[in-house]
Amino acid sequence: MAKIGRPKKDFPKIKSITIRLSDIEYEKFIKYAAGHNMTMTQALAKGIELLYQNP
């Protein structure tokens, strides 16, 4: 019998982090993400990648 359900990913994202932002920082962040048609997670991931590029 075949497996049922979603296939497993090769590199599942199981780690999470939490950050605290001021109201102003949060508003700027969600406006950036919405203005670039990104989720908040995608915007954070992009920012992290930029940090890796510019040590």
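Cut-offs applied
Residues numbered from 1 in each chain as written. Predicted model: local features only at pLDDT ≥ 70, side-chain atom pairs only at ≥ 80, totals over all residues. Heavy atoms only, no water. Helix = DSSP H or I, 4+ residues; strand = E, 2+ residues; numbered from the N terminus. Rg over C-alpha atoms; globule rule 2.2 N^0.38 Å. Buried < 20%, exposed > 50% of the residue type's maximum accessible area, 1.4 Å probe, protein only. Areas by Shrake-Rupley, 256 points an atom, 1.4 Å probe, with all protein chains shown as cover. Lys, Arg positive; Asp, Glu negative; His and termini not counted. Charge placed at Lys NZ, Arg CZ, Asp CG, Glu CD. Axes fitted to C-alpha atoms, helices over the stretch in contact; angles between N-to-C directions. Parallel < 35°, antiparallel > 145°, perpendicular 65-115°, else oblique. Contact = heavy atoms within 4.5 Å.

What is the right way to read the overall build of the chain from this model?
Looking only at helices and strands, the chain has 2 helices and 0 strands in total. In terms of overall dimensions, the chain is more spread out than a globule: its C-alpha atoms have a radius of gyration of 16 Å, far above the 10 Å expected for 55 residues. Taken along its principal axes, the extent of the C-alpha atoms in the chain is 55 × 25 × 20 Å. The burial tally for the chain puts 5% of its 55 residues in the buried class. Total accessible area computed for the chain in this model is approximately 6100 Å², and 59% of it derives from carbon and sulfur atoms. In the chain, which carries 10 positive and 5 negative side-chain charges, the distance between the mean positions of the two groups comes to 9 Å.

Just checking my understanding: could you explain the environment of Ile 30 for this structure?
Structurally, the position occupied by Ile 30 is in helix α1 (residues 23–35). With relative accessibility at 26%, the residue Ile 30 sits in the partly exposed group.

Looking at this structure, how should I read unusual backbone geometry?
Most peptide bonds take the trans configuration, and most residues that are not glycine carry a negative phi. The phi angle at Asn 37 is positive, at roughly 50°, despite the residue not being glycine. For Asn 37, the location among the structural elements is in the loop between α1 and α2 (40–53).

Sorry if this is basic, but what is going on with the packing of α1 against α2 here?
Helix-helix packing: each pair is described by the crossing angle between the helix axes and the interaxial distance. Look at α1 against α2: their axes get within 9 Å of each other, and the N-to-C directions meet at 95°. Classified by the angle their axes make, α1 and α2 are roughly perpendicular. Residues Tyr 26, Phe 29, Ile 30, Tyr 32 and Ala 33 of α1 form the contact with α2, whose own contacting residues are Met 40, Ala 43, Leu 44 and Lys 46.

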